[in-house]
Amino acid sequence: MSGGTVTTVSSNGTYSFTKPNRDGITLLAGLGVEGDVHAGVTVKHRSRVAQDPTQPNLRQVHLIHAELFDDVADAGFDVAPGDLGENVTTRGIDLLALPTGTLLHLGAEAVVEVTGLRNPCAQIDDFQHGLLKQVVGRDENGDVVRRAGIMGVVLTGGKVRPGDPIRAELPTGPHRPLERV
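Some points on the nonpolar core
Point 1. L27, V61, L63, L104, L106, I150 and V160 are the most contacted members of the largest nonpolar core, which has 23 residues in total.
Point 2. Contributions of two or more residues to this core are made by β1 (2-10), β3 (25-28), β5 (61-65), β7 (103-106), β8 (110-117), β11 (150-156) and β13 (165-169).
Point 3. Among the elements that make up this core, the one with the highest residue count is β8 (4 residues).

Pasting the structure below:
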């Protein structure tokens, strides 16, 4: 098991690329972030709704590692928590290395099950031109590498605040690498 810290929490009740930072958010089991436009049992992301609005919402909570902001700053980009639409910004935990099904214990109560990788879209370039190439690329084998965070579903609700600890509980059995959701 490994852990980190929640640095920032963000939510927005309307569709917008960025999400304002909050003093705290409440995670609701089976739904996502209370009051957030992406909360719900079925998909809420516009592109997913257009494909099939009855799909289960595997993207209830978006988590991103603050270390990504450090990396893109080295390339000349200014990205702050909430700017990429994430709900929870973390530090000290390698989110991208977690296997599918990892349970993230956030704060005293909340538990989020990791469902997969965020699939970055062109809106990132609308936010800052050239940023998309910083958060999605290809490895030496030509495989797509996504670095814009992970997605999850809320198993156990609870309050989450900046400074809360994060504890990762890895699934038993063979680990499945994260894929885009």
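Considering the pairing of β13
Point 1. Only one face of β13 is covered, namely the one carrying I166 and A168; the face carrying P165, R167 and E169 has none of its residues buried.
Point 2. Relative to β13, β7 runs antiparallel, the two being bridged by 4 bridges. Bridge pairing in β13 links H105 to R167.

What about the sheet that holds β3?
Point 1. Sheet architecture is open: 3 strands sit in the order β4-β3-β12, paired in antiparallel fashion. Edge positions in the sheet fall to β4 (32-33) and β12 (158-160), since each of these pairs with one other strand and no more.
Point 2. Across 2 bridges, the pairing between β3 and β4 is antiparallel. By the bridge assignment, L28 is partnered in β4 with G32.

Some points on the pairing of β8
Point 1. When you tally the buried positions in β8, you get 7 out of 8 residues, the bulk of the element.
Point 2. Looking at chain direction, β7 and β8 are connected through 4 bridges and run antiparallel. Its bridge partner being in β8, L103 is matched across the sheet by E113.
Point 3. Counted between consecutive antiparallel strands, the loop separating β7 from β8 contains 3 residues, among which G107 sits at a positive phi close to 65 degrees.

Thoughts on the side chain of D83
Point 1. As for its position among the elements, D83 is in the loop between α2 (66-74) and β6 (88-91).
Point 2. Summary of buried charges: D83 has no salt-bridge partner, and the nearest side chain of opposite charge, R118, is 11 Å away.
Point 3. A distance of 2.8 Å separates the side chain of D83 from the backbone nitrogen of A80, its partner in a polar contact.
Point 4. Those residues within four positions of D83 in sequence are excluded, and the remaining contacts are F17, T18, D78 and F127.

Some points on the packing of aromatic side chains
Point 1. Using the criterion set out here, one finds 1 aromatic pair in the structure.
Point 2. A centroid spacing of 5.6 Å and a plane angle of 35 degrees characterise the contact between F17 and F127, whose relative ring orientation is tilted. Here F127 lies in helix α3 (residues 123-127) and F17 lies in the loop between β1 and β2 (21-22), a separation of 110 residues in the sequence.
Point 3. The buried category is assigned to F17, whose relative accessible area is 18%.
Point 4. Geometry around Y15 places R46 over its ring, the cationic atom sitting 4.1 Å from the centre.

Digging into the pattern of salt bridges
Point 1. Per the stated rule, a full pass over the model turns up 3 salt bridges.
Point 2. Note that D36 is salt-bridged to K19, the shortest N-O span being 2.9 Å. On the criterion of sequence distance, the pair formed by D36 in the loop between β4 and α1 (46-51) and K19 in the loop between β1 and β2 is long-range, its members being 17 residues apart. There is no split in this pair, since D36 and K19 are both buried.
Point 3. The salt bridge partner of R91 is D70, with a shortest N-O separation of 3.1 Å. Note that R91 is positioned in strand β6 and D70 in helix α2, a separation of 21 residues in sequence.
Point 4. For R91, a relative accessible area of 34% corresponds to the partly exposed category.

About the thresholds
- Residues numbered from 1 in each chain as written.
- Predicted model: local features only at pLDDT ≥ 70, side-chain atom pairs only at ≥ 80, totals over all residues.
- Heavy atoms only, no water.
- Core = buried A, V, L, I, M, F, W, Y, C linked by side-chain atoms within 4.5 Å.
- Buried < 20%, exposed > 50% of the residue type's maximum accessible area, 1.4 Å probe, protein only.
- Helix = DSSP H or I, 4+ residues; strand = E, 2+ residues; numbered from the N terminus.
- Pairing = 2+ DSSP bridges.
- Lys, Arg positive; Asp, Glu negative; His and termini not counted.
- Salt bridge = Lys/Arg side-chain N within 4 Å of Asp/Glu carboxyl O.
- Polar contact = N/O pair within 3.5 Å; in protein donor to acceptor, adjacent residues only side chain to side chain.
- Contact = heavy atoms within 4.5 Å.
- Phe/Tyr/Trp six-rings, centres within 6.5 Å; stacked < 30°, edge-to-face > 60°.
- Lys NZ or Arg CZ within 6 Å of the ring centre and 35° of its normal.

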